[in-house]
Amino acid sequence: GAIGKDGYRHYMEKELHEHPLVIGQTLQRMVDPATRRVSLPDLPFNLASVPRAVITACGSAFYAGMVGRYWLEELARLPVDIDVASEMRYRDPPLTPGSLGLLISQSGETADTLAALRGLREKAIHILSVLNVEHSTMARESDTVLGTVAGPEISVASTKAFTAQLTVLACLSIATARARGKLDSLREEELVGALLDLPSRAADVFKQGDAIRTMARVVAEARDVLYLGRGSLFPVAMEGALKLKEISYIHAEAYAAGEMKHGPISLIDRSVPIVATAPSTPLFDKTLSNLQEAKARGGRLLVFTDTRGAERVGAIAEHMVVLPSVHDFVAPILQTIPVQILAYEVAVLKGTDVDQPRNLAKSVTVE
Ligand code: G6P
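Since the structure is predicted, the reported quantities are computational estimates derived from the model, not experimental observations. (Residues numbered from 1 in each chain as written. Predicted model: local features only at pLDDT ≥ 70, side-chain atom pairs only at ≥ 80, totals over all residues.)

Summing up its helical and strand segments, the protein has 13 helices and 12 strands in all. Its C-alpha radius of gyration of 20 Å places the protein within 12% of the 21 Å reference for a compact globule of 367 residues. In terms of overall dimensions, the protein has a C-alpha envelope of 55 × 45 × 40 Å along the principal axes. A total of 367 residues make up the protein; the buried ones form 55% of that total. Taking contacts inside the protein between residues at least 6 apart in sequence as the whole, the part at least 24 apart equals 75%. (Helix = DSSP H or I, 4+ residues; strand = E, 2+ residues; numbered from the N terminus. Rg over C-alpha atoms; globule rule 2.2 N^0.38 Å. Buried ≥ 20, exposed ≤ 12 C-beta atoms within 10 Å, placed from the backbone. Contact = placed C-beta atoms within 7 Å.)

On to the sheet that holds strand β5 (residues 100-105), then. Here five strands make up an open sheet; going across it, the order is β4-β3-β5-β6-β7 and the pairing parallel. Two strands lie at the open edges of the sheet, namely β4 (80-84) and β7 (144-147), each paired on one side alone. Sheet twist, expressed as the mean angle between neighbouring strand axes with direction ignored, is 20°. Across four bridges, the pairing between strand β3 (residues 53-57) and β5 is parallel. Each residue of the ladder has a partner; that of Val54, found in β5, is Gly101. Strand contacts of helix α3 (residues 59-74): β3, β4 and β5, with the helix running at about 160° to β3, the strand carrying the most contacts. (Pairing = 2+ DSSP bridges. Axes fitted to C-alpha atoms, helices over the stretch in contact; angles between N-to-C directions.)

So, on to the packing of helix α2 (residues 19-30) against helix α8 (residues 185-205). In the contact formed by α2 and α8, the axes pass within 8 Å of each other and the chain directions differ by 170°. It follows from the interaxial angle that α2 and α8 lie roughly antiparallel. Crossing hand, α2 versus α8: left-handed. Of the residues in α8, those in contact with His19, Pro20, Ile23, Gly24 and Leu27 of α2 are Leu195, Leu196, Leu198, Pro199, Ala202 and Ala203. (Parallel < 35°, antiparallel > 145°, perpendicular 65-115°, else oblique. Left-handed = near helix turned anticlockwise from the far one by under 90°.)

On to the packing of α3 against helix α10 (residues 234-248), then. Between α3 and α10, the least distance of the axes is 9 Å, while the angle of their chain directions is 170°. Considering the angle they form, α3 stands roughly antiparallel to α10. On α10, the residues that touch Gly59, Ser60, Tyr63, Met66 and Val67 of α3 are Pro235, Met238, Glu239 and Leu242. Of the residues in the contact of α3 with α10, the class split is six nonpolar, two polar and one charged. (Nonpolar A, V, L, I, M, F, W, Y, C, P; charged D, E, K, R; others polar.)

So, about the sheet that holds strand β12 (residues 319-323). Read from one edge of the open sheet, five strands run β9-β8-β10-β11-β12, paired in parallel fashion. Two strands close off the open sheet at either side, each with one partner strand: β9 (251-256) and β12. Shown here is a sheet whose adjacent strand axes are inclined to one another by a mean of 15°, direction ignored. Pairing of strand β10 (residues 274-277) with strand β11 (residues 301-306) involves four bridges; the strand directions are parallel. Counted as the bridge partner of Ile274 is Leu301 from β11. Against the sheet, α10 contacts β8 (224-229), β9 and β10, and its axis sits at roughly 175° relative to β9.

On to the pairing of β11. Among the six residues of β11, six are classified as buried, and the element is accordingly described as predominantly covered. Every second residue of β11 is oriented toward a common face, with Leu301, Val303 and Thr305 on one face and Leu302, Phe304 and Asp306 on the other, all of them buried. Crossover connection from β10 via helix α11 (residues 284-296) to parallel β11: handedness right-handed. (Right-handed = clockwise from strand over helix to strand, strands pointing away.)

Taken as a class, soluble globular proteins show a tendency for nonpolar side chains to be buried jointly. Core analysis: the biggest nonpolar cluster contains 128 residues, and Ile174, Ala276, Val303 and Leu334 have the highest contact counts within it. A total of 12 residues in this core trace back to one element, the largest contributor, which is helix α7 (residues 160-179). Setting aside residues up to four positions removed in sequence, Leu334 forms contacts with Leu198, Arg201, Ala202, Val205, Leu323 and Val326. (Core = buried A, V, L, I, M, F, W, Y, C linked by C-beta atoms within 7 Å.)

On to the site of the ligand. With respect to spatial proximity, 15 residues lie near the ligand, and among them Gly59, Ser105, Gln106, Ser107 and Thr110 are the closest. Counting residues per element, the shell around the ligand draws most heavily on α3, which supplies three residues. Of the residues in the shell around the ligand, the class split is six nonpolar, nine polar and no charged. (Near = placed C-beta within 6 Å.)

For α3, built from 16 residues, the straight-helix expectation of 22 Å at 1.5 Å per residue is met to within 8% by its first-to-last C-alpha distance of 23 Å. Of all 16 residues in α3, 13 are buried, a share of seventy percent or more. (Expected span 1.5 Å × (residues − 1).)

Here helix α9 (residues 209-220) spans 16 Å end to end across 12 residues, near enough to the 16 Å set by a 1.5 Å rise per residue. Taken together, the buried positions of α9 are occupied by Ile212, Met215, Ala216 and Val219. Along the long axis of α9, the arc covered by the buried residues comes to 110°, so they all point the same way. In α9, those exposed residues whose orientation departs by more than 90 degrees from the buried face are Asp210 and Arg217. At its buried positions, α9 is contacted by β8, β10, β11, β12 and α13 (331-350). (Arc of directions from axis to C-beta.)

On average, residues of the protein score 96 in pLDDT, and 99% of them reach the 70 mark or higher. With pTM at 0.97, the complex prediction returns an ipTM value of 0.97. (pLDDT = per-residue confidence, 0-100.)

This is the structure in structure tokens:
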């Protein structure tokens, strides 16, 4: 039967509110809350001896993969190559023998991702796909499917599927780290505990609606917006910029905050608001000094931070949104939610067709 909007203005708004639920449901599949350990389906090869992973995807799923790269490299010490599928399919990268192919897709039908999967099939030891639609073409052509339990996503712009993808990738990174002897059980319990805390922290984000709408009024007036983040929060900035472009038709660009001085700093003036994702992770000080540089050049700072970062961010930001402080590991999952809400609120102010933005399709099944 048809899925309704349950009283929300748009499917996107409804699906944004499902973040806490889908993170929880996805964790239920992958985590044992009693032992606080991740359990993956049995794999016919040893994660410990995989020399490299190759990640590919399109759109938001690609940004999820970029967060996955930070986690797999940092936690599991697994080298990762990543590219958008439309490039990967023609790059034909020489693969280290035994490499793992890791595909990410909500629909499981995206033509470029499917073509990249088929290219990797011939060379990779195993195709592991993170998919929301579990009866899809990519599911059939993968060796193992890790399901995101996000339910049907109707809004063209992805929301809940993205945080579900991050949740799966976080679990995969933990399992890989354990298999490679990089994670003792105490630290695994700590990381799993941080994941299990997320659904209630995610629900808290919705208490910040007024603060996010205040930011949205500034962004809605702009022609160009610069999104900044560092480390695992850089892909969150990219996701924020993509979402804003897709549904509000405002030009947005994401930069790794430390790279700003090599170009985009020349754009900064009062007419180009800066949206930064800056919770109190180890790169907080670095990000803050990048933001100070932007402010010194007249930049208006709109900053997403957390309770631990609020005092220092509050001293420089024009507007800020303060989220609960969570473990660094899961910060990109939590911080994604408000940047997606911001794009939604800007689109509402602009009066665009939020669920069906012009020129875009939910799943792009042609090249
Ligand atoms: C389209 C959608 C994006 C989505 C991308 C990848 O371009 O507009 O929101 O991220 O496809 O889709 P997939 O189904 O492969 O995740």
